[in-house]
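In case you want the letters, here they are:
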Amino acid sequence: SAFKEARGGLAELTKAYTGAEQDISRGGGAARSSALANQAQGTAAAQQSMVSRGLYGTTAYDAAARGISSDTSRTLAGIDAELAQARASLKMSAAPGLAGARYQIGNLYLERAAEARNLKMERYKLLLGIGPQGSDFQNFMGGAFSGLGSGLQMAGGMKMAGLF
């Protein structure tokens, strides 16, 4: 049915966007791991170089280690900024697609409600014998209620006149 197809489409869109979000997270995790591994290698290389020169434990080594740490922090901040941008871009592209699918489902519900209302009206018309131009039963009932209304009106006038 149209509902099943629309819901299936919404589920597929949601699944695709969730998969894209997971891919962004995996890529970001890999980039962060790489940056941290580079920091560890740089720190080890600096330590080995300082030891071989007899400068390990000095301010020269401390400065080199701080520089490596600072570079890593900037790299991680850049990765985080790119991840945030990628996630925001994904959300911005997902919103119209998901909204469109939900709008379509909402319209299907409205159409179904209108069809149910029209079907009820047709049932009532059949029960009352109301046809397209009005049936004999409808005309009879309309005349009866019209006559009843006239009689009540006349009775009200007679009561006001004090006749009964």
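Our subject in this report is the structure included herewith. (Residues numbered from 1 in each chain as written. Predicted model: local features only at pLDDT ≥ 70, side-chain atom pairs only at ≥ 80, totals over all residues. Heavy atoms only, no water.)

### Some points on helix α2 (residues 59–128)
With 70 residues, α2 extends 100 Å from end C-alpha to end C-alpha; this agrees with the ideal 104 Å at 1.5 Å per step. The largest bend in α2 comes to about 30°, at alanine 94, with the proline proline 96 one to four residues further on. Residues of α2 that are buried include every one of Tyr61, Ile68, Thr72, Leu76, Ile79, Leu83, Leu90, Ala94, Leu98, Ala101, Ile105 and Leu108, and no others. Against α1 (2–53) lie the buried residues of α2. (Helix = DSSP H or I, 4+ residues; strand = E, 2+ residues; numbered from the N terminus. Expected span 1.5 Å × (residues − 1). Bend = angle between axes of the 7 residues up to and from the residue. Buried < 20%, exposed > 50% of the residue type's maximum accessible area, 1.4 Å probe, protein only. Contact = heavy atoms within 4.5 Å.)

### Here we look at the nonpolar core
One finds Phe3, Ala6, Leu10, Ala94, Leu98, Ala101, Ile105 and Leu108 forming the largest nonpolar core, which totals eight residues. Listing elements by their share of this core, those giving two or more residues are α1 and α2. Of all the elements, α2 adds the most residues to this core, at five residues. Residues Ala35, Leu76, Ile79 and Leu83 belong to the second largest nonpolar core, which totals six residues. (Core = buried A, V, L, I, M, F, W, Y, C linked by side-chain atoms within 4.5 Å.)

### Concerning the pattern of salt bridges
Under the definition given, this model contains four salt bridges. A salt bridge links aspartate 71 to arginine 74; its shortest N-O distance comes to 2.3 Å. With aspartate 71 and arginine 74 both in helix α2 and three residues apart, this pair spans about one turn of that helix. (Salt bridge = Lys/Arg side-chain N within 4 Å of Asp/Glu carboxyl O.)

### Some details on the packing of aromatic side chains
This model, assessed by the stated rule, comprises two aromatic pairs. Their ring planes at 55° and their centres at 4.7 Å tell us that phenylalanine 3 and tyrosine 109 sit as a pair that is tilted. Pair noted here: phenylalanine 3 is in helix α1 and tyrosine 109 is in helix α2, with a separation of 106 residues, a long-range link. A residue is classified by how much of its surface remains accessible, and phenylalanine 3, at 7% relative accessible area, is buried. Ring geometry for tyrosine 56 against tyrosine 61: centres 4.8 Å apart, planes inclined by 55°, an arrangement best described as tilted. Of the residues examined, tyrosine 56 reaches a relative accessible area of 41% and is grouped as partly exposed. (Phe/Tyr/Trp six-rings, centres within 6.5 Å; stacked < 30°, edge-to-face > 60°.)

### Describing a nonpolar patch on the surface
A cluster of nonpolar side chains, Met121, Tyr124, Leu127 and Leu128, forms an exposed patch at the surface whose accessible area comes to about 460 Å². Residue placement: leucine 128 occurs in helix α2. Judged by relative accessible area, which is 46%, leucine 128 ranks as partly exposed. (Patch = residues over 30% accessible without salt bridge, like charges linked within 9 Å, V, L, I, M, F, W, Y side chains within 5 Å. Areas by Shrake-Rupley, 256 points an atom, 1.4 Å probe, with all protein chains shown as cover.)

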